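Examination of the molecular architecture
For reference, the chains in residue letters:
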Amino acid sequence: MKNHLDMLQTESYITPAWPPVFLMTSNEDFIRDCSLAFAGYLKARNVLYEFHDYGTKEAPQKHCFHCDVRNPVGERCNLDELSFFRKYLD
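The notes below deal with the structure included here. (Residues numbered from 1 in each chain as written. Predicted model: local features only at pLDDT ≥ 70, side-chain atom pairs only at ≥ 80, totals over all residues. Heavy atoms only, no water.)

Concerning the overall build of the protein
A tally of regular secondary structure across the protein gives three helices and two strands. Its C-alpha atoms give the protein a radius of gyration of 15 Å, more than 25% over the compact-globule value 12 Å for 90 residues. Dimensions of the protein, computed from the C-alpha atoms along their principal axes, are close to 45 × 35 × 25 Å. In the protein, the proportion of contacts linking residues at least 24 apart, taken out of those at least 6 apart, comes to 67%. For the protein, the computed accessible surface area is about 6700 Å², with 60% contributed by carbon and sulfur atoms. Distance between charge centres in the protein, computed from 10 positive and 13 negative side chains, equals 2 Å. (Helix = DSSP H or I, 4+ residues; strand = E, 2+ residues; numbered from the N terminus. Rg over C-alpha atoms; globule rule 2.2 N^0.38 Å. Contact = heavy atoms within 4.5 Å. Areas by Shrake-Rupley, 256 points an atom, 1.4 Å probe, with all protein chains shown as cover. Lys, Arg positive; Asp, Glu negative; His and termini not counted. Charge placed at Lys NZ, Arg CZ, Asp CG, Glu CD.)

So, in structure tokens, the structure goes:
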């Protein structure tokens, strides 16, 4: 069992050799604080990442806003993510 618990300690596997990360959150995401903390962790580990924060007070965005194909902010997020990956695939 201990062997399996060690596998859950994912932080030990994140090194500067980790592939680039597209990290996004939104202003009303219930795990927003985790995303912000993870961005700090990636920075401390010298992992290349892009952090995107979506939503405003006037147009708040929830956790899965990017899954709504009718949401223009979600569409922007998905296009940003595609652009990110294209940089590394081309």
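Looking at the packing of aromatic side chains
Scanning the entire structure with this criterion turns up four aromatic pairs. Judged by centre distance (5.2 Å) and plane angle (80 degrees), the ring pair of F84 and F85 falls under edge-to-face. Classification of F84 as buried rests on a relative accessible area of 2%. One aromatic cluster is present, formed by F22, F84, F85 and Y88 through successive ring pairs. (Phe/Tyr/Trp six-rings, centres within 6.5 Å; stacked < 30°, edge-to-face > 60°. Buried < 20%, exposed > 50% of the residue type's maximum accessible area, 1.4 Å probe, protein only.)

Side note on the pattern of salt bridges
In the structure shown here, the tally under the stated rule is five salt bridges. Here K87 ties to E50 by a salt bridge, and the two come within 2.3 Å at their closest N and O atoms. Residue K87 is located in helix α3 (residues 72–89), and its partner E50 is located in strand β2 (residues 49–54); the two are separated by 37 residues in the primary sequence. The partner of R70 in a salt bridge is D68, and the shortest N-O contact between them spans 3.6 Å. On the basis of relative accessible area, R70 is assigned to the exposed category, the value being 71%. (Salt bridge = Lys/Arg side-chain N within 4 Å of Asp/Glu carboxyl O.)

A word on α3
It helps to recall that an α-helix has 3.6 residues per turn; residues three or four apart then point in one direction. In this model α3 runs 25 Å from its N-terminal to its C-terminal C-alpha over 18 residues, within 8% of the 26 Å that 1.5 Å per residue would give. When we look at burial in α3, the residues that qualify are G74, C77, D80 and F84. End-on view of α3: buried residues confined to an arc of 120 degrees, all on one side of the axis. In α3, the exposed positions angled more than 90 degrees off the buried face are occupied by P72 and L89. The inward-facing, buried residues of α3 contact β1 (21–26) and β2. (Expected span 1.5 Å × (residues − 1). Arc of directions from axis to C-beta.)

Here's the deal with the pairing of β2
In this sheet, β2 lies alongside β1 in parallel orientation, the contact comprising six bridges. For L23, the partnering residue across the bridge sits in β2 and is F51. Note that the unit made of β1, helix α2 (residues 32–44) and β2 has a crossover that is right-handed. (Pairing = 2+ DSSP bridges. Right-handed = clockwise from strand over helix to strand, strands pointing away.)

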